Amino acid sequence: MKRCLLIVAVLLLALPLSSLLADGHLPDLGGRTVTVAVENAYPPFNVIDEETGEGVGWDYDTLGEICARLNCVPEYIETSWEGLIVAVSNGEYDMAADGITITEERAQIVDYSEGYIDVIQRMMVRVGEDRFGNAEDFVAGDFVIGVQVATTNYIAASELLGGDEERIVGYGEFGLAVQALITGDVDAVVIDDVAGQGYTGLNADKIKLLPDDLIKQQLGFIYPQGSELVEPFNMALADMREDGTLDAINAKWLGDGEAEDEEMMLPDLGGRNVVVAVDNAYIPFSFIDQGSGEAMGWDYDVLGEICLRLNCTTEWIETGWEGLIVAVSQGEYDVSAGGITITEERGEVVAFSDGYMSTIQRLMIRLDEDRFANAAEFAAGDFVIGVQVATTNYVAAEELVGAERVVPYDSFGFAVQALIAGDVDGVVMDDVAGQGYVGVNAEAIKLLPDELVSDELGFIFPQDSELIEPFNMALDSMRADGALDIINAKWFGDS
């Protein structure tokens, strides 16, 4: 019986954490490719990164996360705005994402997702504009509006000017209209406030948005009518709202535009290869996905994003926890990740990054445990703790019950298996990792609320490593633009 329990625990621990963050009822699209029409000219929703030549933006992050949850692959196809909606209605694309306003007229030929954001149409003007201060003054004069053709913004401009089309200049895309405003060819542009903030963020010294609310509308993805993708995508969007991922993506792309400047100041590591040591046995930081056999987790996402910003590559080397810190101190690896607690003792042999997360050590027990209800009662009995060797959790366990009641294990996975099997009565673990293990074994284990010790986690480097400052700067930029919040929401949910 014990052997069967251990096998079940191993299988559960190998499940990807994203499966527990979802609501458990999301459809599986079986790896299907979903063709997505985008304009790549509408920041912050979709735009071409000038440095990489790749498409980036809110649409890319959101649809990437949706497909990660539904098991599909987005294929982005750049196309012009004019004709895009008709092309989707004709089935040329599976869907389109481009900050598309939900209207009754369009809904006659395409299906919409549920609205994912409310936007207000505003007037964009040049910085220093003193001829008018609001929409009413603009209308009273003889000023000219630039706007993208075949948009609800064009309709709003026409309504604002009472149908006076002679005062409207149409452009094939908003980028051209904004450029015309900057050069003085038009006096204003009507644009959604979200996209307007994207353009003003890139041109803060040249343009600004007036405060007037012209029209409030809602945006959604569009599909051919009758598409079987509508319901799964709506379910994934709802799931992302619930666990905070959508808020984090919104914070990254729909903020005040300051992240652009922050990112431009980061060092360039010239494509350097960075060797990273991980034990791949510490959910949700680093572990092996049983389904794919691939390593994944918070560490992989964060260090991947850091190297994307610093122009480096990550080479991951799996190694045992025991001896890992010493190996880094001797220069065998450039950096190590794995939820490593910052301590003065370790700081004598390795250098730490800035702390990226605070955690609390807690006691994990079996779900049906009724012999004790808190850490004090546990310590007062003769119960046994399982814990990974050479960790601050081991030190906390010894302080709680004494060394003779602590059973060491090579990894936390083995300690959790021992708890489930009844070989130990509790496990001391960081609450973040503990929630990862509880998430994939929710029917077997739980965390007690007692806070044993509060710690801060960081990456480790050989002392005097030239990577420390660039990595700290990249972490700061990820905090500033919301990317770190997105990754935290993905792997830690509400925690």
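The model shown is predicted, which means the values in this text are computed figures rather than measured ones.

K.L.:
What should I look at first to understand the sheet that holds strand β4 (residues 55–56) in this one?
P.N.:
Whenever strands of a sheet pair, they do so through backbone hydrogen bonds, lying parallel or antiparallel. Read across the open sheet, the three strands follow the order β2-β3-β4; overall the sheet is antiparallel. With partners counted over all chains shown, the strands left at the sheet margins are β2 (41–42) and β4, one partner each. Here two bridges tie β2 to strand β3 (residues 46–48), and the two strands are oriented antiparallel to one another. Its bridge partner lying in β3, Y42 is registered against N46.

K.L.:
What am I meant to see in the sheet that holds strand β16 (residues 286–288) here?
P.N.:
Across the sheet, which stays open at both edges, the three strands sit in the order β15-β16-β17 with antiparallel pairing between neighbours. With partners counted over all chains shown, the strands left at the sheet margins are β15 (281–282) and β17 (295–296), one partner each. Direction of pairing for β15 relative to β16: antiparallel, over a ladder of two bridges. What sits directly across from A281, in β16, is F287.

K.L.:
Is there a simple way to explain the pattern of salt bridges in this structure?
P.N.:
Close approach of charged atoms allows side chains with opposite charge to pair. Summed over the entire model, instances satisfying the criterion amount to 22 salt bridges. For R69, the salt bridge is made with D239, and the minimal N-O distance between the two is 2.7 Å. With a gap of 170 residues between them, R69 in helix α3 (residues 58–70) and D239 in helix α9 (residues 230–243) connect regions that are remote in the sequence. A relative accessible area of 14% means that R69 is categorised as buried. Judged by its relative accessible area of 3%, D239 is buried. A salt bridge links D334 to R272, with the shortest nitrogen-to-oxygen separation between them at 3.6 Å. Residue D334 is located in the loop between α13 (324–329) and β19 (335–341), and its partner R272 is located in strand β14 (residues 272–278); the two are separated by 62 residues in the primary sequence.

K.L.:
How should I be thinking about the side chain of D193 in this particular structure?
P.N.:
For D193, the position within the fold is in helix α8 (residues 193–202). Although D193 lies buried, it forms no salt bridge, and the closest oppositely charged side chain, R122, sits 4.0 Å away as judged by the N-O distance. With sequence-adjacent residues up to four places away left out, D193 is seen in contact with V119, I120, R122 and L209.

K.L.:
Mind showing me how you'd approach unusual backbone geometry here?
P.N.:
Glycine aside, residues mostly have negative phi, and peptide bonds are mostly found in the trans state. A cis amide bond, omega 5°, links P43 with the succeeding residue P44. Residue position: P44 is located in the loop between β2 and β3. A cis amide bond, omega 5°, links I283 with the succeeding residue P284. Considering the arrangement of structural elements, one finds P284 in the loop between β15 and β16. Look at N40: it is not a glycine, yet its phi comes out positive at around 55°. Classification of N40 by relative accessible area gives buried; the value is 12%. Non-glycine residue N71 carries a positive phi angle of around 60°. Residue placement: N71 occurs in the loop between α3 and β5 (72–78).

K.L.:
Please explain the packing of helix α10 (residues 245–253) against helix α19 (residues 483–492) as it appears in this structure.
P.N.:
Two packed helices can be described by the angle between their axes and the distance between those axes. Remark: α10 packs on α19, axes separated minimally by 8 Å, with the N-to-C direction vectors making an angle of 170°. For the element pair α10 / α19, the angle class is roughly antiparallel. Here α10 contributes T245, A248, I249 and K252 to the contact with α19, which in turn contributes D485, I486, A489 and K490.

K.L.:
Mind showing me how you'd approach α9 here?
P.N.:
Residues lying three or four places apart along an α-helix face the same way, a consequence of the helix completing one turn every 3.6 residues. Taking 1.5 Å of rise per residue, 14 residues should cover 20 Å, and α9 covers 20 Å from first to last C-alpha, within 8% of that figure. Along α9, the positions that sit buried rather than exposed are V230, P232, F233, N234, A236, L237, D239, M240 and D243. Looking one or two residues past α9, G244 carries a phi angle of roughly 95°, positive in sign.

K.L.:
For this particular structure, what's the right way to read the side chain of N488?
P.N.:
Within the secondary structure, N488 sits in helix α19. Of the residues examined, N488 reaches a relative accessible area of 19% and is grouped as buried.

K.L.:
Would you mind showing me how to read the packing of aromatic side chains here?
P.N.:
Aromatic rings in a pair are described by how distant their centres are and how their planes are angled relative to each other. Throughout the structure, instances matching the rule amount to 23 aromatic pairs. Their ring planes at 40° and their centres at 4.8 Å tell us that Y116 and F221 sit as a pair that is tilted. Residue Y116 is found in the loop between β7 (110–112) and β8 (117–126), and its partner F221 is found in strand β13 (residues 215–224); the two are separated by 105 residues along the sequence. Take Y116: its relative accessible area is 6%, and that puts it in the buried class. Residue class for F221 comes out buried when judged on its relative accessible area of 0%. Note on F372 and F383: the rings are 4.7 Å apart at their centroids and 50° apart in plane angle, and the pair reads as tilted. A residue pair is termed long-range when its members are at least 10 positions apart, and F372 in the loop between β21 (357–366) and α14 (375–380) and F383 in the loop between α14 and β22 (385–388) qualify at 11 residues.

K.L.:
Looking at this structure, how should I read the environment of Y437?
P.N.:
Along the polypeptide, Y437 turns up in helix α17 (residues 431–440). Exposure remark for Y437: the relative accessible area of 1% places this residue in the buried category. Measuring from C-alpha to C-alpha, the distance between Y437 and N90 comes to 47 Å, with 347 residues separating the pair along the chain. Of note is the side chain of Y437, whose polar atom sits 2.8 Å from the backbone oxygen of A281.

Reading guide: rules and limits
Residues numbered from 1 in each chain as written. Predicted model: local features only at pLDDT ≥ 70, side-chain atom pairs only at ≥ 80, totals over all residues. Heavy atoms only, no water. Pairing = 2+ DSSP bridges. Helix = DSSP H or I, 4+ residues; strand = E, 2+ residues; numbered from the N terminus. Salt bridge = Lys/Arg side-chain N within 4 Å of Asp/Glu carboxyl O. Buried < 20%, exposed > 50% of the residue type's maximum accessible area, 1.4 Å probe, protein only. Lys, Arg positive; Asp, Glu negative; His and termini not counted. Contact = heavy atoms within 4.5 Å. Axes fitted to C-alpha atoms, helices over the stretch in contact; angles between N-to-C directions. Parallel < 35°, antiparallel > 145°, perpendicular 65-115°, else oblique. Expected span 1.5 Å × (residues − 1). Phe/Tyr/Trp six-rings, centres within 6.5 Å; stacked < 30°, edge-to-face > 60°. Polar contact = N/O pair within 3.5 Å; in protein donor to acceptor, adjacent residues only side chain to side chain.

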